[in-house]
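Chain by chain, the residues:
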Amino acid sequence: MTALDRATARELLRAAQQARRLAYAPYSRFQVGAAVLADDGRVFTGCNVECGSYGLSHCAERVAIHKAVSEGVRRVVAVAVAGPGRRELTPCGACRQVMAEFGTSFVVVPRAGGVRVYALKDLLPRAFLRPQDYR
Ligand code: THU
C-alpha cells in the first residue's frame, strides 16, 4: 500500500461531489456521492439510491464499487465519499466491509475545503476476511 497522491485524492473527491448531484434520496433527503479508483486507473462513480421499501436502499459507496466490479474490476485503490454539510462523513460499516472485499487501501473524505485520506485498515481494523483467506 503506497501513499495516495494528493492531487489524485482531490480529483477523486471532486468526482464524488459531482456524482452526489445524481443521488436519489427522496426519503432521507441525505444525498451522498462516491468515486472509486480502480487498480487499472479507471474511475467509477455512484450515488445513494433509495427505495420506498427503505431497507432496499443502497449507499453511494456500494453503488460505485459494484459498478466497478460489474465492469471487471477486482481491486480498488481508493474510494472517495461526499455528503452534505461541513461535518466529515465516513462510510458506514457495511460499505467498509465491501471495500475490504476488494482490497481497498484508502478512503478519501472532505475536510475544511481539502481532503483527508484514511487507511481502510484504520476504519475497519481486524476486518472479516474473505472465506478463502481462512482456508
Ligand atoms: N448513505 C450513503 O450513501 N453512504 C454512507 O456512507 C452513509 C449513508 C446513504 C444511505 C441513505 O440513502 C442515506 O445516506 C441516509 O442514511
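Coordinates for the structure precede this section.
Residues numbered from 1 in each chain as written. Predicted model: local features only at pLDDT ≥ 70, side-chain atom pairs only at ≥ 80, totals over all residues. Heavy atoms only, no water.

Quick one: what's the story with the pattern of salt bridges, residue by residue and with numbers?
The tally for this structure, following the rule as stated, stands at two salt bridges. Residue Arg42 pairs with Asp40 through a salt bridge whose shortest N-O separation is 2.9 Å. Judged by relative accessible area, Arg42 falls into the partly exposed class, the value being 34%. Its relative accessible area of 44% is what places Asp40 among the partly exposed residues. (Salt bridge = Lys/Arg side-chain N within 4 Å of Asp/Glu carboxyl O. Buried < 20%, exposed > 50% of the residue type's maximum accessible area, 1.4 Å probe, protein only.)

Can you lay out the sheet that holds strand β3 (residues 76-82) for me, pointing to particular residues and giving the numbers?
Read from one edge of the open sheet, five strands run β2-β1-β3-β4-β5, paired in mixed fashion. This sheet does not close on itself; its edge strands, each paired only once, are β2 (43-47) and β5 (114-119). Within the sheet, the average angular offset between the axes of one strand and its neighbour, ignoring direction, is 20°. Relative to strand β4 (residues 106-111), β3 is paired through three bridges, and the arrangement is parallel. Paired with Val79 across the two strands is Val107, which belongs to β4. The strands touched by helix α2 (residues 60-70) within the sheet are β1 (33-38), β2 and β3, with β2 carrying the most contacts at an inclination of about 140°. (Pairing = 2+ DSSP bridges. Helix = DSSP H or I, 4+ residues; strand = E, 2+ residues; numbered from the N terminus. Axes fitted to C-alpha atoms, helices over the stretch in contact; angles between N-to-C directions. Contact = heavy atoms within 4.5 Å.)

Describe the packing of α2 against helix α3 (residues 93-101), listing the residues and the values that go with them.
Where α2 contacts α3, the axes come no closer than 9 Å and their chain directions differ by 20°. When the interaxial angle is binned, α2 and α3 end up roughly parallel. Along this stretch, α2 crosses α3, giving a crossing that reads as left-handed. Across from Glu61, Arg62, Ile65 and His66 in α2, the residues of α3 making contact are Ala94, Cys95, Val98 and Met99. Its residues placed into classes, the contact of α2 with α3 shows five nonpolar, one polar and two charged. (Parallel < 35°, antiparallel > 145°, perpendicular 65-115°, else oblique. Left-handed = near helix turned anticlockwise from the far one by under 90°. Nonpolar A, V, L, I, M, F, W, Y, C, P; charged D, E, K, R; others polar.)

Any chance you could break down the site of the ligand for me, citing the residues and the numbers?
Surrounding the ligand, one finds Ser28, Phe30, Val32, Asn48, Glu50, Cys59, Ala60, Glu61, Leu89, Pro91 and Cys92. Measuring from an oxygen atom of the ligand, one finds a side-chain N or O atom of Glu50 at 2.5 Å. One nitrogen or oxygen atom from the main chain of Ala60 is found 2.9 Å from an oxygen atom belonging to the ligand. Relative to its free-state accessible area of 370 Å², the ligand is covered by the protein chains to the extent of 77%. A breakdown of the residues in the shell around the ligand according to their chemical character gives seven nonpolar, two polar and two charged. (Near = heavy atom within 4 Å. Polar contact = N/O pair within 3.5 Å; in protein donor to acceptor, adjacent residues only side chain to side chain. Areas by Shrake-Rupley, 256 points an atom, 1.4 Å probe, with all protein chains shown as cover.)

Read these as spatial facts, not as claims about activity.
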